[in-house]
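The primary structure of each chain is shown beneath.
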2 protein chains.
Amino acid sequence: MKTVFSPVELKHAPKNEIADGQLRPAVEIPSRAEIVLRTVQERALGEVVEPLDFGSQPLHRIHAADYLAFMESFWDRWIAEGRTAEEAFPYVWPIRSLRADPVPEHIDGLLGRYSMDAGTPIGPFTFEAAKASANAALTAAQLVKDGGEGSAFALCRPPGHHCGKDFFGGYCFLNNAAIAAQWLLDQGAHRIAILDVDYHHGNGTQAIFYDRPDVLFLSLHADPRHEYPHFLGHEDETGEKAGTGFTRNWPLPLGTGWETYSEALEEACRWLHVYKPDYLLVSLGMDCYREDPISKFRFNSEDFTSLGQRLKRLGLPIVFLMEGGYAVDALGTNCVNVLDGFKRA
Amino acid sequence: MKTVFSPVELKHAPKNEIADGQLRPAVEIPSRAEIVLRTVQERALGEVVEPLDFGSQPLHRIHAADYLAFMESFWDRWIAEGRTAEEAFPYVWPIRSLRADPVPEHIDGLLGRYSMDAGTPIGPFTFEAAKASANAALTAAQLVKDGGEGSAFALCRPPGHHCGKDFFGGYCFLNNAAIAAQWLLDQGAHRIAILDVDYHHGNGTQAIFYDRPDVLFLSLHADPRHEYPHFLGHEDETGEKAGTGFTRNWPLPLGTGWETYSEALEEACRWLHVYKPDYLLVSLGMDCYREDPISKFRFNSEDFTSLGQRLKRLGLPIVFLMEGGYAVDALGTNCVNVLDGFKRA
Ligand SMILES: [Zn+2]
Ligand SMILES: [Zn+2]
């Protein structure tokens, strides 16, 4: 299985995040990608290739033009405003009774207008890295579509699944899975499924396709009543309008281990059998791991192998896209366990 | 003119706030109330009285029961969860495409569910102080209604006008002006006007009464395109449903001085003449002052006297309620200038 990765993805290097009312060392850091890359190479998963540049058009198919313009111009504006902080955090949001439009002109208003949390810093190279990450997703999709590969691994960083049509958050700036799904549809595919196995609900991906039947979104994750992102990912969310029935969530209790998880996974697999997608995209987070510093599931490293093996039995063309996972030391092992489990099954 | 103040209001003592992605020393601090109290006494504005306790019923007339239960129980939960931070900040919000309901059970989910910004810390005595502040507002209203006083000053702290039906933010936890307005209506008044002269738009007050004709909301403030709260306070917001026409905003450019401001104030006074309220509540912020550390208008201290003089000419029973103003050294002078200007005009 080929891995797609660009060193440009490492240029997004957050220093801190805001959590519990404190500045804490960031957990979504470049070494996450580095250790996965190293493990891919050590375990000889397959060739590592650099992404092609797909330009901005595939980003515009998912994200609002004003959001992309904001991301593109943000850091220059931050500097032009004389801000000295080495990374930017939003601090006020247009929640209920407040208006997202008209879009503010003030830079802190813009930050809040286009975000969902206070834990996702933007630095000078954030958007450059996010675009490289999206190109990795697109290139992996192209390898599966045109390259005669039954599967490919997009080593994406920053991740994507919390990012919505017009907001960043949850360490995500471009929705890599959504961008790749739409690109495959635009290339002629009829039905795409996205299976999100990150510990956190993929709220951005769900919202982007919520009213559409051409993308089936399935997510297994910690119950949002007890875990970030807190405000989406409930069982009663099943799509709307033409998309009714094409979203499925399995919110699972804190402390879930592989045994319980795999039962929900079997259900998700039955949905995939019924839907018969042309391609399956897997939003692959490794934060279900028992040692993950911000998560509360109980996967062992071997459970990730089982996950890969189970996905192989679907018999679908698959694009794996990296999402979260913050136990950096074990991240390479856990990630490559999925991919190698898949490859060897 | 009597002043209503409780020392309990001082118990909310924030240490930091989050702005520009940094923890900064809080600006909404107890000494704000202390200097105003001292100046009221030095300049012999009138008797200072302690608020009566109106209980929780008047709070329930404005705020959602679940929000009040959250505020009441929050700090005990924070401690029970083993949190060690000495004040709590939210960090994720239910913006568009995310759901405010179901309400999360996780304490950080709750914080985000019930707030609008990351700059408003909750500490152990925050809600106790907020209730004392609301009681000060209610007591001042009662002095004007029953006490034979044509005017009274509620020395409220924390302030209230950013706080909505079910969210805190902008240093505000209970909407003192809204609570006092509703109480006056419940006591038999037919029409209340709220004039908000704080530098920032009173988004909470506006939203609470947006569909009602029995409370006229008028606000002069810095244009939200360029200033906090960024997401409400535009000129095109004029009320909805039965409240259509009963909200008026004058968003003013950064750098506005008294000359420009007073033209907008004249317009607001014309609305008050037409509406003929039984009582006028003035949300009195002093952050239009040229030296205010977080604001960008250009009032001199004498302009606050002019403001008080102009309000006297309305000939209405008035309850003044303190809102913002962060140039602490001048806050007492500027505040009492309004009140003394009113009293002596
Ligand atoms: Zn995650
Ligand atoms: Zn203010």
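Here, every reference points to the structure presented above.
Residues numbered from 1 in each chain as written. Chains lettered and ligands numbered in written order. Predicted model: local features only at pLDDT ≥ 70, side-chain atom pairs only at ≥ 80, totals over all residues. Heavy atoms only, no water.

1. Some remarks on the interface of chain B and chain A
At step 1: Contacts between the two partners involve 49 residues from chain B, matched on the other side by 49 residues from chain A.
At step 2: Carbon and sulfur atoms make up 62% of the area that chain B and chain A hide from each other, which totals about 4600 Å².
At step 3: The largest contributions to the chain B side of the interface with chain A come from R96, R99 and F231 of chain B, which together make up 18% of the buried area.
At step 4: The tally of links from chain B across to chain A stands at six salt bridges.
At step 5: Across the salt bridge formed by R99 of chain B and D236 of chain A, the nearest N and O atoms sit 2.8 Å from each other.
At step 6: Connecting chain B to chain A are 18 residue pairs in polar contact (both at pLDDT 80 or more). (Contact = heavy atoms within 4.5 Å. Buried area = accessible area lost by both parts, 1.4 Å probe. Salt bridge = Lys/Arg side-chain N within 4 Å of Asp/Glu carboxyl O. Polar contact = N/O pair within 3.5 Å; in protein donor to acceptor, adjacent residues only side chain to side chain.)

2. Digging into the coordination of the zinc ion (ligand 1)
All names here are of chain A.
At step 1: In this structure, D198 (OD), H200 (ND1) and D287 (OD) serve as the protein donors to the zinc ion (ligand 1), at separations of 2.0 to 2.1 Å.
At step 2: When the donor residues of the zinc ion (ligand 1) are listed from N- to C-terminus, their spacing reads D-x1-H-x86-D. Note on accessibility: D198 and H200 belong to one class, buried. (Donors = N, O, S within 2.8 Å, 3.2 Å for Na, K, Ca; no water. Buried < 20%, exposed > 50% of the residue type's maximum accessible area, 1.4 Å probe, protein only.)

3. Some remarks on the sheet that holds strand β8 (residues 247-252) of chain B
Residues and elements named next belong to chain B.
At step 1: Taken together, eight strands build an open sheet; the order of strands is β4-β1-β5-β10-β9-β6-β7-β8 and the sheet is parallel. The open sheet has two edge strands, β4 (48-49) and β8, and neither has a second partner.
At step 2: For strand β6 (residues 192-196) and strand β9 (residues 279-284), the ladder comprises five bridges, and the chain directions are parallel. In the sheet register, A193 faces β9, and the bridge partner there is L280.
At step 3: Docked against the sheet, helix α10 (residues 328-344) engages β5 (151-154), β9 and β10 (318-322), running at close to 175° with respect to β10. (Pairing = 2+ DSSP bridges. Helix = DSSP H or I, 4+ residues; strand = E, 2+ residues; numbered from the N terminus. Axes fitted to C-alpha atoms, helices over the stretch in contact; angles between N-to-C directions.)

4. Some remarks on the relation of the copies chain B and chain A
At step 1: Laying chain B over chain A is done by rotating through 180° and shifting 0.0 Å along the axis; what remains is an RMSD of 0.0 Å. In symmetry terms, the pair is related by a two-fold rotation axis. Residue I95 of chain B of chain B places its C-alpha closer to the rotation axis than any other residue of that unit, at 2.5 Å.
At step 2: Of the residues that chain B buries at the interface, 100% are likewise interface residues in chain A, meaning the two copies contact each other through the same surface. (Least-squares fit on C-alpha atoms with pLDDT ≥ 70 in both.)

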